[in-house]
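# Examining the three-dimensional arrangement
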Amino acid sequence: MPAECSAVIKADAYGCGAAQVARALNKAGCKTFFVATIEEARSVREAVPEPVIYVLGGYFQNTGEHYAKINCRPVIGDLNELAEWDVFCRRSGWTGGAAIHIDTGMNRLGLTLAEAQAIIPRINAGDHGITLVMSHLVSAEQLNSPVNAKQLAAFRAIASEFSGVPAALANSSGIFLGAPFQFDLVRPGAALYGVNPTPEADNPMQQVVDLKARIVQTRNVERGESVGYGGTWTARRPTKLAIIAVGYADGYFRAASSNDGTRGAEVIVAGKRCPVAGRVSMDLIAIDITDLPPNAVRRGHMVTLLGEGITVDELAHHFGTIGYEVLTSLGHRYARVYTGGNVVEPPAKPAPVSAAEQPSSPQPLEQLASPPPLPS
Ligand SMILES: *Cc1c(COP(=O)(O)O)cnc(C)c1O
């Protein structure tokens, strides 16, 4: 049987909007979601009444009613935590279930293999309240990392003892390590939002987020003039600039600046790649548009920061980080427009989907972010 494909929508669905993403994916047949905190679970539950929601951050004493109230499940990774959860369930009669997280090498959250072994008698006794057994991969994006096989073997052995309990190991990259890694349920996050889960090869996913910014001014500078804070970029020819209303406060990292001697990021202006000129400032960036035809753009036109061939991963390269952080850093000043997600028809008979079978992003959810209109 193919694995069920859940969706990890923690951190506001990697900056894309948890409520919108949850609704679109639920409509497309997704029945299980993962978030990081109970607060995140609460807002996801408001968006989608039916699906299972797991809280990766685990369980804290005296918070049981919150889980019961919104019907979500803690991912438990510590024996004390499990004991506290059991106390709550016994006292309240709550039978909503919980996942067990087993550490197979990450050394972050999760029971040790020995601790997991110790609860097998409970599993065998039945009526154990455990609805999922899971672990998390350390280096899944590295196809040939020996850690993958090691974790797979360890997880396979322990998961097989949790008889009757569905098992989950793979994040986005883990799915692409092949069928043995997929077990009963896969947990993609980043890939759903267009980040390349196979960085050693071409991206099998579609881009999901488009990001645009407005030109608030164009200006000419003479050869030898500097641009921006610190005067770190000097015009080597008579130069035309477009100043766009976006900056590091919007999550466009300052690391993407372009200085004399170092090239920064590029943006698409009138269909053409143009380089950032000078330092990215808080709310503004200068773009060198000298190579565009005269009058190709003017004040008020939009430029593309993400999209038209600029991928999340390309931007991450210029930001000195990974696509995950590009998305979770998307600022709050963008006007967000969602397209596609609302027109997804649920499959006639919603069935679990094997993510690995899907050639490209299964979610025609698209986000177009742009700053609000200029005041007139
Ligand atoms: C964040 C997270 C995921 C999703 O990882 P991606 O690399 O974004 O696919 C899956 N499982 C756990 C436990 C996570 O914390």
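Residues numbered from 1 in each chain as written. Predicted model: local features only at pLDDT ≥ 70, side-chain atom pairs only at ≥ 80, totals over all residues. Heavy atoms only, no water.

## Considering the pairing of strand β7 (residues 130–134)
β7 sits mainly inside the fold: four of its five residues count as buried. Where β7 meets strand β8 (residues 167–168), two bridges bridge the pair, whose relative direction is parallel. Note on β8: the bridge partner recorded for Met-134 is Ala-168. Viewed along the sheet, the connection from β7 through helix α8 (residues 146–161) into β8 turns out right-handed. (Buried < 20%, exposed > 50% of the residue type's maximum accessible area, 1.4 Å probe, protein only. Helix = DSSP H or I, 4+ residues; strand = E, 2+ residues; numbered from the N terminus. Pairing = 2+ DSSP bridges. Right-handed = clockwise from strand over helix to strand, strands pointing away.)

## Notes on the pairing of strand β4 (residues 52–55)
In the sheet, strand β3 (residues 32–35) pairs with β4 via four bridges, with the strands oriented parallel. The residue bridging Thr-32 from the neighbouring strand is Val-52, located in β4. Crossover β3 to β4 through helix α3 (residues 38–47) is right-handed. As judged from the two bridges shared by β4 and strand β5 (residues 73–76), these two strands associate in the parallel manner. By the bridge assignment, Tyr-54 is partnered in β5 with Arg-73. In this view, the connection linking β4 to its parallel neighbour β5 by way of helix α4 (residues 64–70) has right-handed handedness.

## Regarding unusual backbone geometry
For Ala-13, which is not glycine, the phi torsion reads 55 degrees and is therefore positive. Structurally, the position occupied by Ala-13 is in helix α1 (residues 10–14). Since its relative accessible area comes to 0%, Ala-13 is described here as buried. Here Phe-183, not a glycine, exhibits a phi torsion of approximately 45 degrees, which is positive. Assignment of secondary structure puts Phe-183 in the loop between α9 (172–175) and β9 (185–186).

## As for the site of the ligand
The environment of the ligand is made up of 14 residues, and the closest members are Lys-10, Tyr-14, Ser-172, Ala-190 and Tyr-324. Contacts to the ligand include Lys-10, whose side-chain N or O atom sits 2.7 Å from an oxygen atom. Separating an oxygen atom of the ligand from a side-chain N or O atom of Ser-172 is a distance of 2.5 Å. When the free accessible area of the ligand is taken as 390 Å², the share hidden by the protein chains comes to 93%. Judged by its atoms lying within 2 Å of the grid points, the ligand is housed in the largest pocket. (Near = heavy atom within 4 Å. Polar contact = N/O pair within 3.5 Å; in protein donor to acceptor, adjacent residues only side chain to side chain. Areas by Shrake-Rupley, 256 points an atom, 1.4 Å probe, with all protein chains shown as cover. 1 Å grid on protein atoms, 1.4 Å probe; cavity = no way out; pocket = protein on both sides within 12 Å on 5 of 7 lines; lining within 4 Å. Sits in = over half its atoms within 2 Å of the grid points.)

## Quick look at the layout of surface pockets
Roughly 640 Å³ of internal volume is contained in the largest pocket. What lines the largest pocket is a set of 33 residues, and nearest its centre among them are His-136, Glu-141, Asn-171, Ala-190 and Tyr-324. Residue assignment for the lining of the largest pocket shows that the elements contributing at least two residues are α1, α9, α10 (312–319) and α11 (323–328). Looking at the lining of the largest pocket, its residues break down into 19 nonpolar, nine polar and five charged. (Points joined across faces, edges and corners; volume = space filled by probe spheres on them. Nonpolar A, V, L, I, M, F, W, Y, C, P; charged D, E, K, R; others polar.)

## So, the domain arrangement of the protein chain
You can read the domains of the protein chain as domain 1 (4–191) and domain 2 (209–368). Each of domain 1 and domain 2 was reduced to a C-alpha centroid, and the two centroids are 35 Å apart. (Domains from an automatic or database assignment.)

## Focus: the packing of aromatic side chains
Any pair of aromatic rings gets described here by the distance separating the centres and the angle formed by the planes. Summed over all chains, the structure comprises 10 aromatic pairs. Their ring planes at 40 degrees and their centres at 5.9 Å tell us that Tyr-14 and Tyr-324 sit as a pair that is tilted. Taken as a pair, Tyr-14 in helix α1 and Tyr-324 in helix α11 lie far apart in primary sequence, 310 residues in all. A relative accessible area of 6% means that Tyr-14 is categorised as buried. By way of ring pairs, the aromatic residues Tyr-59, Tyr-67, Trp-85 and Phe-88 are connected into one cluster. (Phe/Tyr/Trp six-rings, centres within 6.5 Å; stacked < 30°, edge-to-face > 60°.)

## Brief notes about helix α2 (residues 18–27)
All buried positions along α2 are accounted for by Ala-18, Val-21, Ala-22, Ala-24 and Leu-25. Where α2 is buried, its residues contact β2 (7–8), α1, β3 and α3. Phi turns positive, to about 110 degrees, at Gly-29, one or two residues after α2. (Contact = heavy atoms within 4.5 Å.)

## Brief notes about the confidence of the model for the protein chain
When pLDDT is averaged across the protein chain, the result is 92; 90% of the residues are at 70 or more. In the predicted structure, residues 343–376 sits below a pLDDT of 50 and forms 89 contacts with residues beyond four places in sequence or in another chain. (pLDDT = per-residue confidence, 0-100.)

## Observations concerning the environment of Thr-262
Among the structural elements, Thr-262 can be located in the loop between β13 (239–244) and β14 (266–269). Spatially, the C-alpha atom of Thr-262 lies 9.9 Å from that of Thr-232, the residues being 30 residues apart in sequence.

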